[in-house]
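# Tertiary structure, described
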Number of protein chains: 2
Amino acid sequence: MSPTFGHIPGVPIGTTFENRAALAAAGVHTPHMQGISGNRENGADSIVASGSYVDDEDHGDYLIYTGMGGRDLATGRQIADQSVDQYANAGLITSELAGHPVRVVRGANGNALYAPPSGFRYDGLFTVESHWMTTGQDGYKVVQYRLQRLPNQPEPEGVAEPEDDPAYAVTVVTRRIRNTAVAQHVKEMYERTCQVCDREVSILGGLYVEGAHIRPLGRPHVGPDSVNNVLCLCPNHHVQLDYGGIVIGDDMRVTERETGSMIGPLRLKPGHNIDLAHVRYHRALWPEA
Amino acid sequence: MSPTFGHIPGVPIGTTFENRAALAAAGVHTPHMQGISGNRENGADSIVASGSYVDDEDHGDYLIYTGMGGRDLATGRQIADQSVDQYANAGLITSELAGHPVRVVRGANGNALYAPPSGFRYDGLFTVESHWMTTGQDGYKVVQYRLQRLPNQPEPEGVAEPEDDPAYAVTVVTRRIRNTAVAQHVKEMYERTCQVCDREVSILGGLYVEGAHIRPLGRPHVGPDSVNNVLCLCPNHHVQLDYGGIVIGDDMRVTERETGSMIGPLRLKPGHNIDLAHVRYHRALWPEA
């Protein structure tokens, strides 16, 4: 099932549900058992935070949330290592990198300060700010995520004042490059390697690469989100494309703008027909000195 | 003068000022003549949008704003090319990359739909979303910026409904790595080249590099924003450091985590004493498989 990001129409923050089946029927969190809804390709769109993992923390405005797997269902304790490849764990990473909002549902067994008195409650949209691994209380490796509540949402009734994390607002680091379906397609075409340098940027769980629009999106440029306007680039070359470091010639050769030195031909797979008009539009944005 | 980011205490959105001197005295926009307040090193903290550049556009929620320079003061027309190195133009780019909020002041001569009837008015905080160069109406190169109003701010009284840019919200691309004073210092130490690969990522106006925290900022990690916890890295190696692609040994050698292959020693300048405790904390976040 493809994820549905954002609020579910007709389900305001604070809506309560008797059980997981009701939550699933409403479309708020569709899996009946899993804590995370989603997948690696498209991202995760919702989680249930119900205190079922011993390493979970709920601070109101932010959660330290443990990934799925390795838990003994009878005792709730970790009995094996987790990995980012298990279940929907990678989905939350995809949502982190793309900036997708994640619906958070709290269950009655979570931190009493913020949990509903019974059943489950939809508590609004969060973003995944970061992830990491750690050795949990039970001695096994777990994947963890920091989820942060988006600002300017009503508080669900009856919850405590959220805890403050004063350093966070001034130090938060974001690296969110919108991963459209088109960008995803182009990334797969090149097996997540850079079309300029062929480089693989390995991270835990795979290769990191970005979909880069040649003619920028949004006004005044209104470049299209289409395959003929999207490249698969490493972060270094994406930065250079966006900020006037490199330009592409009509012959699809990539040149460093400042020095005029040739970096090389853009690697192009059959069927990836870059629109010359977009390439020329981009060159006009970054004229020679 | 060092920029002061954010609202000025005691100056709510909608506050009007008779002239530039009053605006400067209130600390909302301190330069008396320049449209942009700030500098390359620290960023720009405010602009005045008063329609004095022929290529400016005001759409309410977003501005297409022209940089400084090349304008005939008598006629207001462009008579020479602009560059990102002139005046405070680079300051807005620094603010773009660091995500700093920019105070926007509108003057009476701007787009009548959004301009104050007379004088100047403080209209709230915007972020710089992107920048580029273009050939303006008068045939000269100008630097332009798209500034976007931060959400959930009151509208100044009497302004028209802002124009919609429907594609923007779903396609916006952000790459904001908080540039703290410490990060700035470390970047200068290495002349904006990567400590792992020595690479220069050139963009228009200089070299692009990021300040990377070894032990992450914010809870639960609460790494410090201090020189002994910050590296100067290209985007590729920053991504790898943050997402488990590379780890640093006690001997300061950098290894690709997945394959165990050595990338090389971390380049270290005298006086840059990395705290081993932070390096070990980072390694614990990204354990071997």
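Residues numbered from 1 in each chain as written. Chains lettered and ligands numbered in written order. Predicted model: local features only at pLDDT ≥ 70, side-chain atom pairs only at ≥ 80, totals over all residues. Heavy atoms only, no water.

What follows deals with the relation of the copies chain B and chain A. Between chain B and chain A, which share one sequence, the superposing operator has a rotation angle of 180 degrees and an axial displacement of 0.0 Å; the RMSD is 0.0 Å. Each copy turns onto its partner about a two-fold axis. Relative to the rotation axis, the closest C-alpha in chain B is found at Arg175 of chain B, a distance of 2.5 Å. In this assembly, 100% of the residues forming the interface of chain B have copies in chain A that are likewise at the interface, indicating an isologous arrangement. (Least-squares fit on C-alpha atoms with pLDDT ≥ 70 in both. Contact = heavy atoms within 4.5 Å.)

To continue, consider the UniProt feature "domain: YDG" (unreviewed entry) in chain A. What UniProt calls "domain: YDG" (unreviewed entry) maps, in this numbering, to residues 6–149 of chain A. Structurally, residues 6–149 of chain A is divided into 11% helix and 36% strand, and its ends, taken at the C-alpha atoms, are 13 Å apart. (UniProt positions renumbered as here; feature names shortened; annotations may be inferred. Helix = DSSP H or I, 4+ residues; strand = E, 2+ residues; numbered from the N terminus.)

As a further point, take the sheet that holds strand 15 (residues 253–256) of chain B. Residue and element names in this part refer to chain B. If you walk across this open sheet you meet the 3 strands as 14-15-16, and the pairing is antiparallel. Pairing within the sheet leaves two strands with one partner each, and these edge strands are strand 14 (246–248) and strand 16 (262–265). Looking at each pair of strands side by side, their axes are set apart by 20 degrees on average, direction ignored. With 3 bridges connecting them, strand 14 and strand 15 associate as antiparallel partners. Counterpart to Ile248 in the pairing with strand 15 is Val254. (Pairing = 2+ DSSP bridges. Axes fitted to C-alpha atoms, helices over the stretch in contact; angles between N-to-C directions.)

What follows concerns the sheet that holds strand 16 (residues 262–265) of chain A. Residue and element names in this part refer to chain A. Spatially, 3 strands are ordered 14-15-16 in an open sheet, and the strand pairing comes out antiparallel. Two strands in the sheet have a free side with no partner beyond their single neighbour: strand 14 (246–248) and strand 16. Across the sheet, the mean angle separating the axes of adjacent strands is 20 degrees when strand polarity is ignored. Bridging between strand 15 (residues 253–256) and strand 16 involves 3 bridges; their strand directions are antiparallel. Looking at the pairing, Thr255 lines up with Met262 of strand 16.

One pass over the full model with this rule turns up 2 aromatic pairs over all chains. Its end group placed over the ring of Tyr53 of chain A, Arg71 of chain A keeps NZ or CZ at 4.7 Å from the ring centre. Stacked on the ring of Tyr281 of chain B, the Lys or Arg Arg215 of chain B has its end atom at 3.8 Å from the ring centre. (Phe/Tyr/Trp six-rings, centres within 6.5 Å; stacked < 30°, edge-to-face > 60°. Lys NZ or Arg CZ within 6 Å of the ring centre and 35° of its normal.)

This part covers the domain arrangement of chain A. Residue and element names in this part refer to chain A. Domain annotation of chain A identifies domain 1 (16–171) and domain 2 (181–285). One C-alpha centre belongs to domain 1, the other to domain 2, and the line joining them spans 35 Å. Domain 1 puts 6 residues into the contact, and the matching count from domain 2 is 4 residues. Across the domain 1/domain 2 interface, buried area totals approximately 420 Å², and carbon plus sulfur atoms make up 67% of it. If you sort the residues of domain 1 by the area they bury against domain 2, Glu41, Val84 and Leu97 come out on top, with a joint share of 60%. Summed over the shared surface of domain 1 and domain 2, the result is 0 salt bridges. There are 1 residue pair in polar contact (both at pLDDT 80 or more) connecting domain 1 and domain 2. Here the residues of the side of domain 1 that touches domain 2 sort into 3 nonpolar, no polar and 3 charged. (Domains from an automatic or database assignment. Buried area = accessible area lost by both parts, 1.4 Å probe. Salt bridge = Lys/Arg side-chain N within 4 Å of Asp/Glu carboxyl O. Polar contact = N/O pair within 3.5 Å; in protein donor to acceptor, adjacent residues only side chain to side chain. Nonpolar A, V, L, I, M, F, W, Y, C, P; charged D, E, K, R; others polar.)

Here we take up unusual backbone geometry. Here the amide bond leading from Arg219 of chain A into Pro220 of chain A is cis, since omega sits at 5 degrees, within 30 degrees of zero. Relative to the elements of secondary structure, Pro220 of chain A occurs in the loop between strand 12 (210–213) and strand 13 (230–233). Unlike most non-glycine residues, Met252 of chain B shows phi in positive territory, near 70 degrees. In this fold, Met252 of chain B is placed in the loop between strand 14 and strand 15.

Within the fold, Glu210 of chain B resides in strand 12 (residues 210–213). The exposure class assigned to Glu210 of chain B is buried, which follows from its relative accessible area of 1%. A distance of 2.7 Å separates polar atoms of two side chains, one belonging to Glu210 of chain B and the other to His238 of chain B. Leaving out residues up to four positions away in the same chain, Glu210 of chain B has contacts with Arg175 of chain A together with Arg175, Ile177, Lys187, Leu231, Cys232, Leu233, Pro235 and His238 of chain B. (Buried < 20%, exposed > 50% of the residue type's maximum accessible area, 1.4 Å probe, protein only.)

Let us now look at the pattern of salt bridges. Close approach of charged atoms allows side chains with opposite charge to pair. Residue and element names in this part refer to chain A. A complete count under the given rule lists 26 salt bridges over all chains for this structure. A salt bridge links Asp58 to Arg106, with the nearest nitrogen and oxygen atoms 2.6 Å apart. Taken together, the residues span a long stretch of sequence, with Asp58 in strand 4 (residues 57–58) and Arg106 in strand 6 (residues 101–107) at a distance of 48 residues. A single burial state applies to Asp58 and to Arg106, both of which are buried. One salt bridge in this structure joins Arg106 and Asp123, with 2.7 Å as the shortest N-O distance. On the criterion of sequence distance, the pair formed by Arg106 in strand 6 and Asp123 in strand 7 (residues 120–135) is long-range, its members being 17 residues apart. There is no split in this pair, since Arg106 and Asp123 are both buried.

Listed as interface residues are 54 residues of chain B and, on the opposing side, 54 residues of chain A. Here chain B and chain A share an interface that buries about 4,900 Å² over both sides, 54% of which is from carbon and sulfur atoms. If you sort the residues of chain B by the area they bury against chain A, Arg175, Arg219 and Tyr243 of chain B come out on top, with a joint share of 17%. Summed over the shared surface of chain B and chain A, the number is 0 salt bridges.

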